[in-house]
Amino acid sequence: MPQQQPPLILVDGSSYLYRAFHAMPPLTSPSGDPTGAVYGVINMIKKLLQEYKPKQMAVVFDAKGKTFRDDMYEEYKANRPSMPDDLRPQVEPIHQIIAAMGLPVVVISGVEADDVIGSLAQEAANQGVQTLISTGDKDMAQLVNDKVTLLNTMTDTSMDIDGVKAKFGVTPEQIIDYLALMGDKSDNVPGVESVGPKTAVKWLEQHGTVEEVIANADQVKGKVGEKLRAGIEMLKLSKQLVTIKLDVGTEEGLDRDVSKLHLQSPDNAALKDLYTRMGFSTWLKQVTNLEAAAGKSVAASDAGGGAVAKGSAAVIDAVSLATPVEIAKNYETIFTIEQLQIWVKKLEGAELVSFDLETTSVDYTVAQIVGFSFSIKEGEAAYLPVAHDYPGAPEQIELEVALEKLRPVLENTKIPKVGHHMKYDMNVLANYGVTLANVEFDSMMESYVFNSTATRHDMDSVAAKYLGYETIHYEDVAGKGAKQIGFNQVAIEDASPYAAEDADISLRIHNHLFPQLQEQPKPLSVLKDMEMRLVPILSRIECTGVLIDSNMLGVQSRELAEKMLEIEKKAHESAGQPFNLASPKQLQEILFEQQGLPVIKKTPKGVPSTAEAVLIELAQDYELPALLLEHRSMSKLKSTYTDKLPLQINRKTNRVHTSYHQAVTATGRLSSSDPNLQNIPIRSEEGRRVRQAFIAEPGNKIVAADYSQIELRIMAHISQDDGLLYAFNNGIDIHKATAAEITATELEEVTSEQRRRAKAVNFGLIYGMSAFGLAKQLDVSRGEAQDYINIYFERYPKVKEYMENTRVSAKETGYVETLLGRRLYIDDINSRNGQRRQYAERSAINAPMQGTAADIIKVAMIKIGEYLADQDEIKMIMQVHDELVFEVPEAKVEEFTAKAKELMESAAELSVPLIVDIGVGDNWDEAH
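Residues numbered from 1 in each chain as written. Predicted model: local features only at pLDDT ≥ 70, side-chain atom pairs only at ≥ 80, totals over all residues. Heavy atoms only, no water.

Undergrad: Outline the overall build of the chain, supporting the account with residue identities and numerical values.
TA: What the chain contains, in helices and strands, is 37 helices and 22 strands. In terms of principal-axis extent, the alpha carbons of the chain reach across some 100 × 80 × 55 Å. By the burial criterion, 51% of the 928 residues in the chain qualify as buried. Considering only contacts in the chain between residues 6 or more positions apart, those separated by 24 or more positions represent 68%. Total accessible area computed for the chain in this model is approximately 42,800 Å², and 49% of it derives from carbon and sulfur atoms. (Helix = DSSP H or I, 4+ residues; strand = E, 2+ residues; numbered from the N terminus. Buried < 20%, exposed > 50% of the residue type's maximum accessible area, 1.4 Å probe, protein only. Contact = heavy atoms within 4.5 Å. Areas by Shrake-Rupley, 256 points an atom, 1.4 Å probe, with all protein chains shown as cover.)

Structural data, given as C-alpha cells:
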C-alpha cells in the first residue's frame, strides 16, 4: 500500500502574529527590541512541524496597504486600531526566521492572507491534496470541506465539516451567509443590526442562504424584521466582504502551483545570526548541535568509503529544528549489592559525582528516601531504588544497606559533588544522620548566578534554556492533580530513567555553564565564594528551625476573631446594611454606587477597583475603607500566621522549619516559604505580637542583629557623594541631614515631620521614585515633590551623577553589578516601550544597592555560620532581609553579640562604616 501523502499545511501567519503578541510576555532581545511575538509565532510553527512533519507548507501574511475590500467599502476595518508599536518591528524578523527555516513565506498585495490561503487550498483540493489550515480566524470555516480541515494551534483543536456544524450550527457552505448576517465589529462589516448567532442560525435553517432570507424578509416580524428590511443593501455588501476569494492567481502575483510549496534545507548561518540577535539561546543551541551532529554524520560516511551525495548527510530540515535536542543515554537500574559496589568504586574514583535523591515529599522535614541517582559522565547514570512499595514491585536493596554502602562517598570531603538544588538533598540526608560533604557545585546556583532573570531555575527550565533539551517531567511518571501518586508508587521501569536523567542532566548543565562562568571572574567568585559556601549554612538554619509558642498564637487567634467581628459590625453600620467584606462586587456597589466615593482606579474589566492601594487612599477621608483595611490586615495575620504557624510545628523537633530560596529573586535576596518568615509585619501592634511568639529554649535568649540603613550607606559608597559620606562618617542621622539640606534648616532645628519627609526622599530616590510617586507618599503637590527632588540632587550631586552613569552603562552592557561582582541583567533597559524602559532604568539604579545589601548579609551569614560550625549551643535560626536572628545561651550572650557585631560589620569594606544594631530579649519582638 502506498504511504499516505502528508497534508499541505497553510499557516495564517497574520492570525498567529496577533495571537502570539497578546499571549506572550513582553520578551526583549539583548538590544532591547521586543521579541515576544517572534518567539510565539516561531514556537507555534515549530510545534506544527514537529507534530505533522509535512512535506508541503506555506506561511501566509497580510501585505501592507489596502485591499480590494477597501475599494468595495471605505469603512472596512476602519475601527481597527493600527498595529501596536511593539509589534511592528517584529514582523520582519518573523518573516526572516521562517524563510531561513526553509519554509515558503507568501505575502500578496491587494488581497488578504485569507484570500491567498483560500486560493491555495482550492488549488490543492483540485489536485486531490489534503490541506490543513492553521488559523484562529472563524471566517476560515467557510473553506472547510472533505479536503480541508482547520487547526487552531493555540487551543490545539481541529475542525472538520462536522466540527463546523457543531461549533456554529450551520454547514461550512453556510458560513459566509452566517457571517454576513451577523456582521463583524472588528472588521467593521455591517451585517444586520441586532442579529446575533442564534438569529442567524435560525434564519439559515429556515431559508438556507442570505438570498432566500432577503426574498422572505417581509415574513420576519418585529423590530428585527424592520432592521433586516432596512439593511438589505448592507447585507448584500456584507456577504461580499466576508467571502474569501478562491481565485487569487498570477495576475495578483500568486503562483498557485502548491507542488512548489516544499520545505527547503534551512539556512543555518542566517538562523544562528537571527537567533543570536533575538536572544533565543535555546534555539541557537539546537541549530549548533544539529550542525555538529550532521558534521559527524558526514565524517562517518566518508570514513566508511561510501559515496555521499552533496549535502545529503548534512541536511538539517525544518522538522529537525522543531524537535528538542536528543541526548545519548546509558542508564542503569541497580538491584544487587554487586552492582552497587561497582558503582561505589566508580564514584570513589570520580573527579566529580553528580548526585540526586528521589523522595516522597518536597518538604524536607517529612521526606522519606525512595531512591538515589548518580552520574560521573555525561550520558551514563544509575538509579538505585530502595523504597518503591507498590504491589508487585521487584525486590530492592534496603535503605539502611544502601546508606551504609554510600556513606563513605556522601560524607567524603575529598570527593566533589554536584546536583540541582543540593540544599534539599543535604536536609533530607541529615534526617538520616548523613552529612553530605564537599558539595562543590550546584547546577541551579550556576544558572542563577549566570543570569538570574533568563529563566526559572528548576531543572526542567534550565535544561530547556541552556541544553535545548526537554526533560522527563515528574507528571510524566507520577501523573497530575488528584490522580498524582507518590514516587514510591511509581513503577521502577518508569522511575529509573526519570531519576537517572536528573543526575545526568545536572552534570550536563554544570559542564555547560561552569566553563562560561570561569571566563567571568566576578560572577565566578559570587558562585564559589558566596552562594556555594552559603548552601550548608542555610541547610543548618533550616534543619535547626524556630521555636514557636503555639499557646500564645492560639490566644491571639481568638482575640483577632473577636476584633474582626467587631470591625465587621462597624462596617455593616457604616454601610447601612450587612454585606460580605471579602466580596469585591458587593464592595464596589456599596463604596462607589451607594456611598458615592470617588473612583481611584478601575480593573481591566472597567469596574471600580477595591484593591488595597485604593482603599489606603480612600481611608484617609472615609470611615468604611479604613475599617475594611483593618479587617483585611487582621484576617491576613490570622490565616497566615496565628492559625497556620502552630499547624506547621514539626512533631519530631517541636520547631517550625522554613525553606530559604537562593535562586528566586533577581537581586540575590533570599526568600522564605512554608512558612514565609520574612513578611511578618512589624509596624502594627498585632504583627509585633506574632513576633512575640518566636521564643528561645529555657536558659537561652533571642538575639537579633540588624544592619542600619544599609542601602543608603551603599549609595554613599557607590556614588562617593561628599554630603552622604560626611554624614555617615560622622555619625549624623542621615534623614535629619537630608532634611536640613533640602529645607535649608539647621540640623538641630529639624522637626520630626521634616525628618519623615526627608526619609521618604532618601529611600524614594534610591528606588527610582518619580515626583508623582513622592507627592503621593508625602501628600503634597507634584510641584512641591519635584522641588524636594531638585534640591536633593543639588545638595547631593554625585548621587544624580551615579544614577545617570548607571543608566548609560546598563544600556550599553544590558546589566549592572553589585560591589561584590553579582551581575544583574536588566532585560528592558533598551525597550522601545517607554513604560517598560523607565521601569528598567529604575531597576538599574536600585539593583546594585539591593543586590549589594543581599550580598553583604550573605557574607555575614557565611562568616558567622563558619564561626559557629564546631559548636551546637548558639544557633542561627532566621534571616529576614537585613537581619539575622540567633538563639543564644544566656551565659554567652555578651560574648556572642560582640563577635556577631564584629563579623557582620566586617562583611564588606565601604567608604562609610557598616553599623549593626543588636537587641536581646526573651522573644523576637523584644530583641528586634
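Don't stop here, the text continues.
Undergrad: Please set out the environment of Pro521 residue by residue, giving values where relevant.
TA: Among the structural elements, Pro521 can be located in helix α22 (residues 521-544). With a relative accessible area of 61%, Pro521 lands in the exposed category. Between the C-alpha atoms of Pro521 and Lys602, which are 81 residues apart in sequence, the distance is 49 Å.

Undergrad: How would you explain the packing of aromatic side chains if you had to name every residue and give the values?
TA: For the structure on display, the rule yields 18 aromatic pairs. Measuring from ring centre to ring centre gives 5.7 Å for Phe168 and Tyr178, while their planes differ by 65°; the resulting arrangement is edge-to-face. Of this pair, Phe168 sits in helix α6 (residues 161-168) while Tyr178 sits in helix α7 (residues 175-182); the two residues are 10 residues apart in sequence, bridging distant segments of the chain. A single burial state applies to Phe168 and to Tyr178, both of which are buried. (Phe/Tyr/Trp six-rings, centres within 6.5 Å; stacked < 30°, edge-to-face > 60°.)

Undergrad: With reference to specific residues and values, describe the nonpolar core.
TA: Residues Phe372, Phe374, Leu384, Phe694, Tyr707 and Ile864 are the most contacted members of the largest nonpolar core, which totals 168 residues. Sequence-distant contacts of Ile864, that is, excluding residues within four places in its chain, are made with Met876, Leu884, Phe886, Phe896, Ala900, Leu903 and Met904. Of all hydrophobic cores here, the second largest spans 57 residues; its members include Val60, Leu143, Ile176 and Trp203. (Core = buried A, V, L, I, M, F, W, Y, C linked by side-chain atoms within 4.5 Å.)

Undergrad: Just give me the short version of helix α26 (residues 623-642), but keep the residues and values in it.
TA: Its 20 residues place the ends of α26 27 Å apart at the C-alpha level, agreeing with the 28 Å of an ideal helix rising 1.5 Å per residue. Taken as a whole, α26 has its buried residues at Leu624, Pro625, Leu627, Leu628, Leu629, His631, Met634, Leu637, Tyr641 and Thr642. (Expected span 1.5 Å × (residues − 1).)

Undergrad: Break down the sheet that holds strand β1 (residues 8-12) for me, citing the residues and quoting the values.
TA: Spatial strand order, β3-β2-β1-β4-β5-β6: six strands in an open sheet with mixed pairing. Of all the strands in the sheet, the pair left with one neighbour each is β3 (105-110) and β6 (157-159). Sheet twist, expressed as the mean angle between neighbouring strand axes with direction ignored, is 25°. Two strands pair when backbone bridges link them, and β1 and strand β4 (residues 131-134) are joined in this way by four bridges, in the parallel orientation. What sits directly across from Val11, in β4, is Ser134. (Pairing = 2+ DSSP bridges. Axes fitted to C-alpha atoms, helices over the stretch in contact; angles between N-to-C directions.)

Undergrad: Summarise the pairing of strand β10 (residues 380-385); cite the residues concerned and give the values.
TA: Of all the six residues making up β10, five are buried; the element is thus mostly covered by neighbouring parts of the structure. Bridging between strand β7 (residues 330-333) and β10 involves four bridges; their strand directions are parallel. Note on β10: the bridge partner recorded for Thr333 is Tyr383. Here strand β9 (residues 369-377) runs beside β10; their pairing, made up of six bridges, is antiparallel. Bridging from a neighbouring strand, Ser373 pairs with Tyr383 of β10. In textbook terms, the turn of a hairpin is the stretch between consecutive antiparallel strands, and for β9 and β10 this stretch comprises two residues, one of which, Gly379, has a positive phi near 90°.

Undergrad: Account for the pattern of salt bridges, naming residues and giving values.
TA: Inspection of the entire model under this criterion finds 47 salt bridges. The partner of Arg69 in a salt bridge is Asp115, with the nearest N and O atoms 2.8 Å apart. Within this pair, whereas Arg69 is found in helix α3 (residues 68-72), its partner Asp115 is found in helix α5 (residues 113-126), the two being separated by 46 residues in sequence. Look at Arg69 and you get buried, because its relative accessible area is 3%. By relative accessible area, Asp115 is classed as buried at 0%. Put simply, Glu542 and Lys423 hold a salt bridge, and the shortest N to O gap is 2.7 Å. A residue pair is termed long-range when its members are at least 10 positions apart, and Glu542 in helix α22 and Lys423 in helix α17 (residues 422-431) qualify at 119 residues. For the pair Glu542 and Lys423, a shared accessibility class is recorded, and that class is buried. Beyond isolated ion pairs, a larger network of salt bridges with shared partners links Glu531, Arg822, Asp855 and Lys858. (Salt bridge = Lys/Arg side-chain N within 4 Å of Asp/Glu carboxyl O.)

Undergrad: Residue-level account of the packing of helix α28 (residues 710-719) against helix α29 (residues 722-729), with values.
TA: Where α28 contacts α29, the axes come no closer than 8 Å and their chain directions differ by 130°. Viewed along their axes, α28 and α29 adopt a mutual orientation that is oblique. Relative to α29, the crossing made by α28 is left-handed. Taking contact as the criterion, the partners of Leu712, Arg713, Met715, Ala716 and Ser719 in α28 are, on α29, Leu724, Leu725 and Phe728. (Parallel < 35°, antiparallel > 145°, perpendicular 65-115°, else oblique. Left-handed = near helix turned anticlockwise from the far one by under 90°.)

Undergrad: Please give an account of unusual backbone geometry that cites residues and values.
TA: Here the amide bond leading from Asp674 into Pro675 is cis, since omega sits at 0°, within 30 degrees of zero. For Pro675, the position within the fold is in the loop between β15 (671-673) and α27 (685-692). Phi at Gln709 is positive, roughly 45°, even though this residue is not glycine. Inspection of the secondary structure puts Gln709 in the loop between β17 (700-707) and α28. By relative accessible area, which is 24% here, Gln709 ends up partly exposed. A positive phi is found at Ala744, a non-glycine position, where the angle reads about 55°. By the secondary structure assignment, Ala744 is in the loop between α30 (734-743) and α31 (752-766).

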